[in-house]
Amino acid sequence: MFDKFNVDFVRANFPALKGDWAYFDNAGGTQIAEQSASKITDYLLNTNVQLGASYEISQLSTEKVALANVLWAEAINAKSPREIVLGSSTTALLQNLARALTNYFKPGDEIIVSNSDHEANIGPWLSLHEKGVKVKFWHINNENYRLELDTLNELMNENTKLVAFTHTSNILGTINPVKEIAEFVHSKNAMVCVDGVAYAPHRHIDVKGWDVDFYAFSLYKVYGPHYSLLYGKESILKELSGINHFFIGKEELPYKLQPGNVNFELAYGSTGILDYFNSVYNEHFSEKNTILNSRLEKVFQLIADHEEEIVRPLMDFLNYKSNIKIIGEKTSDKNLRVPTVSFIVKGRKSSEIPLLVDPHKIGIRWGDFYARRLIESLNISDIDGVVRISMVHYNTKSEVEKLIGVLDKII
Ligand SMILES: Cc1ncc(COP(=O)(O)O)c(C=O)c1O
């Protein structure tokens, strides 16, 4: 299967990869596909007018921006373009969501957040404390680094209204069983809000199949521009208070949740990401397939296989080194993890390591990656958190071999 993945073809779509740097900080942000950058430029240079007027160019720009909702709805298997809310970042979108939900909660209601999340999916829910909402923490098992349903069960009661958790931690790399968790939470009459930021660059998204209520991810980590997407079930979004002007009606989805409107060029530009995936599909599959979601499913199967192949030598190396402790899944199994890999080194600060790797033109990173509560609960703040190596499908086996060679010398 691995041999079938044409990584040279893939890399040719990313002008930034023509240089001699190996990028292993992709969970921080990926390179942008040329198709996406071109669409941003096209919008700005050819149709940069205000939407919704009667003249031809305005009609054209309106169509371009609307395309983002139509295509992303198809891409992630949402029911309707009205379920796609766009915004500047996942952090902002989740803050807006919590604000729109404020009136939904009443004093005494409970929300559960996970301690393995980026702060983007914790802070907004904690702020509802002011409204009399109690927020509880779902802690990972510190032995296997997993979120476990038994632990969640102990936290839930008839007051629980929402469980906010990450599909994949940006440190641990573990893929949480989102469908199973959503089913469990729904059986207790609560909703789920899932942070898909560290999952979306690696695997296919199926919001209907998983039956999630809210799902957010950042397009700049999925080969696009600095922009983000929040999915919400239409039946729930319809009930939320708007956070836009008072005259924007409750039924105006997603506009009532997009104060100041979307960024036109980035909304349209984000559809270039899907053009990129389409070209990967056409390169690898001869079968004509008219359904975008199903093409993406196939592309992401190829991506998962390739990622497993390239992360395996790294996992073998890290598992073999007695002075290294992997923080997260120890396996390279594509069903259990994405290739976002963190570790600490005995007797060393994590901040020391990337500085020794930098001169080799390899970009890696250290820190808490804004999952500060996780790093604190693992008692590794004093060694500056973890060293993180985060790969995506455009990374190659030879880049990984080079990285391992460098790490072997310095650790
Ligand atoms: C897992 C995870 N969630 C949320 C975020 C926040 O995303 P944004 O930068 O779009 O606000 C990040 C950013 O690093 C992340 O890694």
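Residues numbered from 1 in each chain as written. Predicted model: local features only at pLDDT ≥ 70, side-chain atom pairs only at ≥ 80, totals over all residues. Heavy atoms only, no water.

**Digging into the pairing of strand β13 (residues 386-390)**
At step 1: Most of β13 is tucked away: five of the five residues are buried.
At step 2: What you see with β13 is no split at all: V386, R388 and S390 on one side and V387 and I389 on the other are buried throughout.
At step 3: Direction of pairing for strand β10 (residues 340-345) relative to β13: antiparallel, over a ladder of four bridges. Directly across from T340, in β13, lies its bridge partner S390. (Buried < 20%, exposed > 50% of the residue type's maximum accessible area, 1.4 Å probe, protein only. Helix = DSSP H or I, 4+ residues; strand = E, 2+ residues; numbered from the N terminus. Pairing = 2+ DSSP bridges.)

**Considerations on the domain arrangement of the protein**
At step 1: For the protein, the assigned domains are domain 1 (2-31 + 292-410) and domain 2 (37-273).
At step 2: Distance from the C-alpha centre of domain 1 to the C-alpha centre of domain 2: 26 Å.
At step 3: Residue-level contacts link 44 residues of domain 1 with 38 residues of domain 2.
At step 4: For the pair domain 1 and domain 2, the summed buried surface comes to about 3,200 Å²; carbon and sulfur atoms form 54% of the total.
At step 5: Put simply, E119 and R373 hold a salt bridge, and the shortest N to O gap is 2.7 Å.
At step 6: Across the domain 1-domain 2 interface, the total number found is 22 residue pairs in polar contact (both at pLDDT 80 or more).
At step 7: Listing elements by their share of the side of domain 1 that touches domain 2, those giving two or more residues are α11 (292-320), β9 (324-326), β10, α13 (372-377) and β13.
At step 8: With eight residues, the top contributor of residues to the side of domain 1 that touches domain 2 is α11.
At step 9: Here the side of domain 1 that touches domain 2 is composed, by residue class, of 23 nonpolar, 11 polar and 10 charged. (Domains from an automatic or database assignment. Contact = heavy atoms within 4.5 Å. Buried area = accessible area lost by both parts, 1.4 Å probe. Salt bridge = Lys/Arg side-chain N within 4 Å of Asp/Glu carboxyl O. Polar contact = N/O pair within 3.5 Å; in protein donor to acceptor, adjacent residues only side chain to side chain. Nonpolar A, V, L, I, M, F, W, Y, C, P; charged D, E, K, R; others polar.)

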